[in-house]
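# Structure assessment
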Amino acid sequence: MRTLREHLRIRQDQNCRVKRFAQYWEHEQRDRHGRVAQYFVNLQKIDLKLRQEGQARMTQALADSFDLTRPDPGFAEDPFPTYRALLAYSPVKRFSDGSVMAARHADLERIYRDTTTFSSDKKQEFLPKYGKTPLFEHHTTSLVFNDPPLHTRVRKIMVGALTPRAIAAMEPGLIRLVDHLLDRMGPQADLISEFAAAIPIEVIGNLFDMPHAERGPLRDWSLAILGALEPVLSAEQEDRGNRAVDEFCGYLRDLIARRRAKPGDPATDVLTRLMQGTRSGEHLTEVELLQNCIFILNAGHETTTNLIGNGLDLFLDHPDQRDLLINNPGLIDSAIEEFLRHQSSNQLGNRITTAATEIGEIAVAAGTRVHLLIGAANRDPAKFPDPDRFDITRSPNKHLAFAGGPHICLGLTLARLEGKIAIQRFLARYPGFHRAGPATRTGRVRFRGFSHLPVQLT
């Protein structure tokens, strides 16, 4: 017979074994669940890696297949996925026609500074494109597509007509103009035709002391002439561009004749200033005068229209940034720079090499056309953290929307002033504006903007 003590010891041993088994079982279950959970974590990691690799292959394929001479449908509408692909996999790329493209911010900065190796003269490039036509004469005589000494001489005369003092004197009139346009708007408005495009037309018209009744054709002439700069040009676009140059020159000859008979004040009248030349005796020829008047009218119109239109559209997509500016009006200058970076009015520039050189790791022969992807450079992650994010407080913000080097945009101060006053006065009047229908892009590769931007004004 077992004693009571023995029975108790046996019971304790049994309890210990049961407890140890329970602990073992609990440990095994935890370990099993842990292994199962880790298995699914590993599956998720593998799936993510496969998707990332698949996305990377697709992105690389997009970069490999891109050719600016044959852009894919939809590129003009949204070029930014292609820009990201190019920056990641082909920041310097040779196209099928032998031309070369550069997308990195650092490469564009270097090219803009090196005017000896990278020429702006377009005679060699534009003669096959246009032939001996009005478009060829215009684009090969205007300031933007020339090198020194012509570029230096013409720019010197123009700078004298667009001094900071002269531009500052425009501000009161610009405020009156913007307020007048806002007063005329109904509950629904097209922010392009009724606002963004109307501002630079009036400003440039005032600079040239052009009668208001004669300003009607300016926008159509400008769109036709600048539209002919697209990488791929239809016969209809070319014909429209040539007609616009002829009609524009005809109008300007008459305006110049009237101004010679009755000169304006060269301190405020750009046309009179251009006709008079400089105090040192430098003058423009008749052809240079005509074509650079067209250039000023076109450049001042297109880039500013796009700056204002793109900026207001960005606020429609980013109401938090709109409200940030409304509550912090001191951010207006920073906001203008972010508009210019995020949605550059001019997406594309060009140069031609005068000597053998290299861009990145690619050898480039003399006489090679070089496409400068300004819109891509302004989204370069090596220069701009989180480059696709729209942030009106971004600083620093050294974008290339106005190009760089000796060819930096002559009218950048005026464009910034127009954009600043237009955006400030619009938001003060209509802080709650919202879309009233789909916006319509112009469909152009070189210049990014809208032809229609319908909104409800509140």
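For the structure, check the block above.
Now for a quick tour of the structure. (Residues numbered from 1 in each chain as written. Predicted model: local features only at pLDDT ≥ 70, side-chain atom pairs only at ≥ 80, totals over all residues. Heavy atoms only, no water.)

### Thoughts on the sheet that holds strand β12 (residues 454-456)
In space, the three strands of this open sheet follow the order β4-β12-β9, with antiparallel pairing throughout. The outermost strands of the open sheet, each flanked by one partner alone, are β4 (188-190) and β9 (434-435). As defined by bridge partners, β9 adjoins β12 across two bridges and the pair is classed as antiparallel. Of the residues in β12, the one forming a bridge with H434 is Q456. (Pairing = 2+ DSSP bridges. Helix = DSSP H or I, 4+ residues; strand = E, 2+ residues; numbered from the N terminus.)

### Points about empty space enclosed by the protein
Taken as a whole and assessed by the stated rule, the structure comprises three cavities of 30 Å³ or more. Taken as a whole, the largest cavity holds about 810 Å³ of empty space. Lining of the largest cavity is provided by 46 residues; of these, V144, F295, A299, T303 and C409 occupy positions nearest its centre. Elements with a contribution of two residues or more to the lining of the largest cavity: α5 (134-139), α6 (150-161), α10 (198-207), α14 (286-317), β5 (348-353) and α18 (412-429). Per element, the largest residue contribution to the lining of the largest cavity is nine residues, and it comes from α14. (1 Å grid on protein atoms, 1.4 Å probe; cavity = no way out; pocket = protein on both sides within 12 Å on 5 of 7 lines; lining within 4 Å. Points joined across faces, edges and corners; volume = space filled by probe spheres on them.)

### Here we look at the nonpolar core
With 94 residues, the main nonpolar core has F195, I199, F208, L274, I423, F426 and F433 as its most contacted residues. Here the element with the most residues in this core is α14; it accounts for 13 residues. Apart from the residues lying within four places of it in its own chain, the contact partners of F433 are L191, L312, F315, L316, R322, F426, L427, V455, Q456, L457 and T458. Membership of the second largest hydrophobic core comes to 17 residues, among which are A103, L348, A376 and V445. (Core = buried A, V, L, I, M, F, W, Y, C linked by side-chain atoms within 4.5 Å. Buried < 20%, exposed > 50% of the residue type's maximum accessible area, 1.4 Å probe, protein only. Contact = heavy atoms within 4.5 Å.)

### Observations regarding the environment of A428
Among the structural elements, A428 can be located in helix α18. With 99 residues separating them along the chain, A428 and P329 place their C-alpha atoms 9.8 Å apart.

### Some remarks on the sheet that holds strand β3 (residues 118-119)
Through backbone hydrogen bonds, the strands of a sheet pair up, either in parallel or in antiparallel fashion. Pairing in this open sheet of five strands is mixed, and the strands run β1-β2-β8-β5-β3 from one edge to the other. Both outer strands of the open sheet, β1 (92-94) and β3, are each paired with one neighbouring strand and no more. Sheet topology places strand β2 (residues 100-102) next to strand β8 (residues 369-373); three bridges connect them, and they run parallel. Note that in β8 the partner of M101 across the bridge is H371. Sitting on the sheet, helix α3 (residues 105-113) touches β1, β2, β3, β5 and β8, and the angle it makes with β8 is about 125°. (Axes fitted to C-alpha atoms, helices over the stretch in contact; angles between N-to-C directions.)

### Details of the environment of H151
For H151, the location among the structural elements is in helix α6. Taking the C-alpha atoms as reference points, H151 and L87, separated by 64 residues in sequence, lie 32 Å from one another. Looking at H151, its side chain comes within polar contact range of the side chain of H407, at 3.4 Å. (Polar contact = N/O pair within 3.5 Å; in protein donor to acceptor, adjacent residues only side chain to side chain.)

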